[in-house]
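Here's the letter readout for the chains.
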2 protein chains.
Amino acid sequence: MEIHNINVSSYPNSKKKFIDGKLYPIRVAMREISLYPTVRIENGRRVEYPNAPVTVYDTSGPYTDPDISIDFNKGLPRTREAWISQRNDTVTLDDITSEYGRKRRDMCQLDAIRFPTFHKPRIAQDGKRVTQMHYAKKGIITPEMEYVAIRENLDNQSKGIESYITPEFVRDEIAAGRAIIAANINHPEAEPMIIGKAFSVKINTNIGNSALSSGIEEEVAKAVWSCYWGGDTIMDLSTGDNIHETREWIIRNCPVPMGTVPIYQALEKVNGNVAELTWEIYRDTLIEQCEQGVDYFTIHAGVLRKHADLVSDRLTGCVSRGGSIMTQWCVIHNEESFLYTHFDEICEILNKYDVAVSLGDGMRPGSIHDANDKAQFLELDVLGELTEIAWRHDVQVIIEGPGHVPMNKIKANMEKQETVCHEAPFYTLGPLTTDIAPGYDHITSAIGAAIISNLGTAMICYVTPKEHLSLPDLNDVREGVIAYKIAAHAADLAKGFPGANVRDDALSKARYDFRWKDQFNLSLDPEKAKRYYLEARRDAPDADDRFCTMCGPNFCAMRISQNIADKCKE
Amino acid sequence: MEIHNINVSSYPNSKKKFIDGKLYPIRVAMREISLYPTVRIENGRRVEYPNAPVTVYDTSGPYTDPDISIDFNKGLPRTREAWISQRNDTVTLDDITSEYGRKRRDMCQLDAIRFPTFHKPRIAQDGKRVTQMHYAKKGIITPEMEYVAIRENLDNQSKGIESYITPEFVRDEIAAGRAIIAANINHPEAEPMIIGKAFSVKINTNIGNSALSSGIEEEVAKAVWSCYWGGDTIMDLSTGDNIHETREWIIRNCPVPMGTVPIYQALEKVNGNVAELTWEIYRDTLIEQCEQGVDYFTIHAGVLRKHADLVSDRLTGCVSRGGSIMTQWCVIHNEESFLYTHFDEICEILNKYDVAVSLGDGMRPGSIHDANDKAQFLELDVLGELTEIAWRHDVQVIIEGPGHVPMNKIKANMEKQETVCHEAPFYTLGPLTTDIAPGYDHITSAIGAAIISNLGTAMICYVTPKEHLSLPDLNDVREGVIAYKIAAHAADLAKGFPGANVRDDALSKARYDFRWKDQFNLSLDPEKAKRYYLEARRDAPDADDRFCTMCGPNFCAMRISQNIADKCKE
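Residues numbered from 1 in each chain as written. Chains lettered and ligands numbered in written order. Predicted model: local features only at pLDDT ≥ 70, side-chain atom pairs only at ≥ 80, totals over all residues. Heavy atoms only, no water.

**Student:** Can you lay out the interface of chain B and chain A for me, pointing to particular residues and giving the numbers?
**Tutor:** Listed as interface residues are 95 residues of chain B and, on the opposing side, 95 residues of chain A. Contact with chain A buries surface across chain B, with B:Ile436, B:Tyr440 and B:Phe555 losing the most and accounting together for 11% of the total. The interface formed by chain B and chain A holds 14 residue pairs in polar contact (both at pLDDT 80 or more) in total. Those elements giving two or more residues to the side of chain B that touches chain A turn out to be helix H8 (262-269), helix H11 (321-333), helix H16 (441-455), helix H17 (474-495), helix H18 (501-512), helix H19 (516-522), helix H20 (526-536) and helix H21 (557-569) of chain B. Sorting elements by how many residues they give to the side of chain B that touches chain A places H17(B) first, with 11 residues. (Contact = heavy atoms within 4.5 Å. Buried area = accessible area lost by both parts, 1.4 Å probe. Polar contact = N/O pair within 3.5 Å; in protein donor to acceptor, adjacent residues only side chain to side chain. Helix = DSSP H or I, 4+ residues; strand = E, 2+ residues; numbered from the N terminus.)

Following this line, the structure appears as structure tokens:
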């Protein structure tokens, strides 16, 4: 498959590698990058020293697996279905529960755009909870837990790299609420991944249009594009008429967990009229999406009626869509938010499908001026309270964080979040470290994201160059993902995450050896690195390649450095 | 003047603003951005609230001054000439001192490419030192010191923003070696600027080709391009045949301090044959460039013979061009580096022209693996020793730093540098916080640059997206400069630099008011911000502009937030 002239069915010089489980019959997918040998001239003879392949974390799922044929109309293999059914704590329903969902199903004019296969929704048996947290608290290691333990370790063990990550450790982190595996029982196509500060830092990408996209295939392509570049989860923020059907297509073809903000769809159902939003409409929307397979919901239940006044001291008011919608609802009705008053009920829905809750930061600062203010931190206190409620229902929780924060105020965010939210994983948008660079906010925010990840944030939500200006296109998605992979990886390195330096060291060795192809293949964006190099070498494609055009052959320090080393050896 | 379709003779909705000195008859240039009024509908009536203009630091010099006509053949006004001559401690020479320089002058075949006007070089009177440090130690406040004091404060005073920066403070920081004003007496065209941790963080851009550029005008345009986007200093790293003449053109037209690495030209003079480099050739090169007006020299005098062996433990050897050249020289001759053995003599040349020394980090790490290793830190010890020597000669000093450093090792760099180099300003390249993103190293390094600036680094040398791959073009220069302006400004904000938040607050207010033009004009790259916005609005140019295509009108949080505020008021 090609998107933007890039073949997203494979990575250059790479192949799928699988590591088998020991507790369960599972195969954990990774990407192995083969390297060329290092060539040295010794005593006038050409000698080759092989370089071991490098295994890297792989978010692309079956799309880069040559043994799986991709058919969007059929969806991805439902690998986890067997694991789930073998737990014997769920039932499949003959019909979907959501009233809205049934209405959509009955509209024959939608037949043309509907995903062809109907998978019966699965739900917990009466009185059961089916969340990973529930199992973990009971001391059970699930296949999902073993899967992520292996996935986080890559092939470290074979390289003698020690790691603290075991299936038991994963279980204990989940039981304590310090990590989550967002894995709806109705999204068995997704490969399990873990979000928590003891694990590698993850990145989320937002996709979705503000107006309906014409082609379903285009929406699926966006999801694949995100996975190809390294997005660990996807949030579909689409609004518009056919989001129910579009979402079905995306989920059935999505190898990573998918999140949504259900209030967006609820608002669409009342034609954008905030006053008409009700708990019943929202509740039906939750169930509709739970049964489709959404893995986590952003719920702005921490936005309370009393927050509305606090916003008036701000320079940029409320910049969260969900937060502003709920604030408006509270003001119009002069009532407490139904997300807050019905939070127990929400949790009792979620734990029947294992949908995680991402507690939205409706009061996140939208400018340097508003960072760490009263509105923001009061909401965070409420999120801490809600975290405890969710955990009582065995619902997995992550906490959303800002936003716009100057570097000197980042640490306080992390510390306060850890304290009041009892170490539930932090999931931040950036933060952006200055307001003065629209057009470059992937950079203003990658700085903040790297810093806060190093301090313990578990997942960072990307920001694209178009932030504040317009809807990102596919190229912006790519730029945003790479900027965030950089921030996440820089944090992994700084935290000393086991094996994080393997790829850096391999790439730097390739650089020093002038193994250009390996340098490209090991990089986060092989296509761009190769293009930059080749464009500049157009005029001398066949010349000695032991330099680049930046310094030229006479001033290449690495080249000189090798000559010195050779001389020293003599 | 247009470069890359951008008019670099003015900034949108901006004008030059001048603040007069109190001690000296000086005019300090700044840029004032005018803003549109905030429009509110109150009781059905349109009410306008004016917004005060915003004054920002301006590196563009006379190029954006409509009162000065630009003629590259004449060069920029030599404003500082009067200040220098009035100190009565210099003489003008009838002829240039450098043997090489005189040889170039006598080659009639160069007449066609020579800068038309010959300015007699100026030198300290016998036995005098003419450096800003010399004056500062004597308790003298120079016009340059008053200039930078005013420049750093912008118009803060009129806004009631308190600042610790006074001419006396500037003098004391320079006397203590904690800050420098790089201002060669032979570059009177440059506007004084200060580099020191108590001042706003500065950025350097590298220009210059690895092969000779055909057009002189093209080289000057590169310098102007850098100044337009916000480069505080320029390093001309050109190599090739006519660098002497090219440099003259650049300096005569350059409104910011310019640095070079004289060993590059010295190596050109011996046709790239390192073995033939001599102290005499290097010395003549220093004098040649001192008399042309170079403001600071990178000198790799800390690279010693004994360092060659340490490099063998590294993954990526020696990645500094100057460092590798000097190491090679030491190995070939089995002698100590002439830069080290002649360092006193070098300083006695530099203090006659007030050229600052930037002590090069020839042993900087070129990979995450090599960060903070023995080679790097042993060299830093030598740089500390050299700092003391330079200061004894009243030569101003900055210290160059790495390189590739993971986030967790950045602080140790800053702390060690401050300790062993006695708080001489730190000037770092990045650092790059991971090796795995060639094509995006402006981002990997902006993260490190922001962090280290926040810790006290005074100037950061930009890295472009083409780093490690090829020579940057004009667009890469722009991308690199903006990434570094972001890092520098994020650090200014985090350090609480007086007035740093004014621009952020104004831009965020504009954003909240949907004053799109103000948001663009206040941004670091108005052209790009505007283009991104307008491209997406192509289909609805006349629509209500109180939203952007990212969220659309119904889901615009700021719009909803304002509606709430209006409702609350009612």
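**Student:** Can you explain the relation of the copies chain B and chain A? Please cite residues and give values.
**Tutor:** Both copies of the chain are placed relative to one another by a rotation about an axis and a shift along it. Here chain B sits on chain A after a turn of 180° about the axis and a move of 0.0 Å along it, with an RMSD of 0.0 Å. Viewed as a symmetry operation, the transformation between the two copies matches a two-fold axis. Within chain B, the C-alpha atom positioned nearest to the axis of rotation is that of B:Ile447, 2.3 Å from it. Looking at chain B, 100% of its interface residues are interface residues in chain A too, so the copies touch through the same face. (Least-squares fit on C-alpha atoms with pLDDT ≥ 70 in both.)

**Student:** Go over the pairing of strand E5 (residues 38-42) of chain A with me, naming the residues and quoting the values.
**Tutor:** Residues and elements named next belong to chain A. One ladder, built from 5 bridges, connects E5 with strand E6 (residues 45-49); its direction is antiparallel. Paired with threonine 38 across the bridge in E6 is tyrosine 49. Taken together, E5 and the strand that follows it, E6, pair antiparallel across an intervening segment of 2 residues, in which asparagine 43 is found at a positive phi of about 50°. (Pairing = 2+ DSSP bridges.)

**Student:** Tell me about the pattern of salt bridges, residues and numbers included.
**Tutor:** Residues and elements named next belong to chain A. Under the criterion given, the structure shown has 90 salt bridges over all chains. Two residues, lysine 17 and aspartate 155, come together in a salt bridge whose shortest N-O distance is 3.6 Å. Note that lysine 17 is positioned in strand E3 (residues 14-20) and aspartate 155 in the loop between helix H4 (143-153) and helix H5 (167-175), a separation of 138 residues in sequence. Note on aspartate 155: relative accessible area 10%, which makes it buried. (Salt bridge = Lys/Arg side-chain N within 4 Å of Asp/Glu carboxyl O. Buried < 20%, exposed > 50% of the residue type's maximum accessible area, 1.4 Å probe, protein only.)

**Student:** Which residues make up the sheet that holds strand E13 (residues 233-236) of chain B, and what values go with them?
**Tutor:** All names here are of chain B. An order of E12-E13-E14-E15-E16-E17-E18-E19 is seen for the 8 strands of this closed barrel, with the pairing classed as parallel. Going across the sheet, the axis of each strand differs from the next one's by a mean of 25°, ignoring polarity. Across 3 bridges, the pairing between strand E12 (residues 202-207) and strand E19 (residues 459-461) is parallel. Along E19, the bridge assignment pairs asparagine 204 with cysteine 461. (Axes fitted to C-alpha atoms, helices over the stretch in contact; angles between N-to-C directions.)

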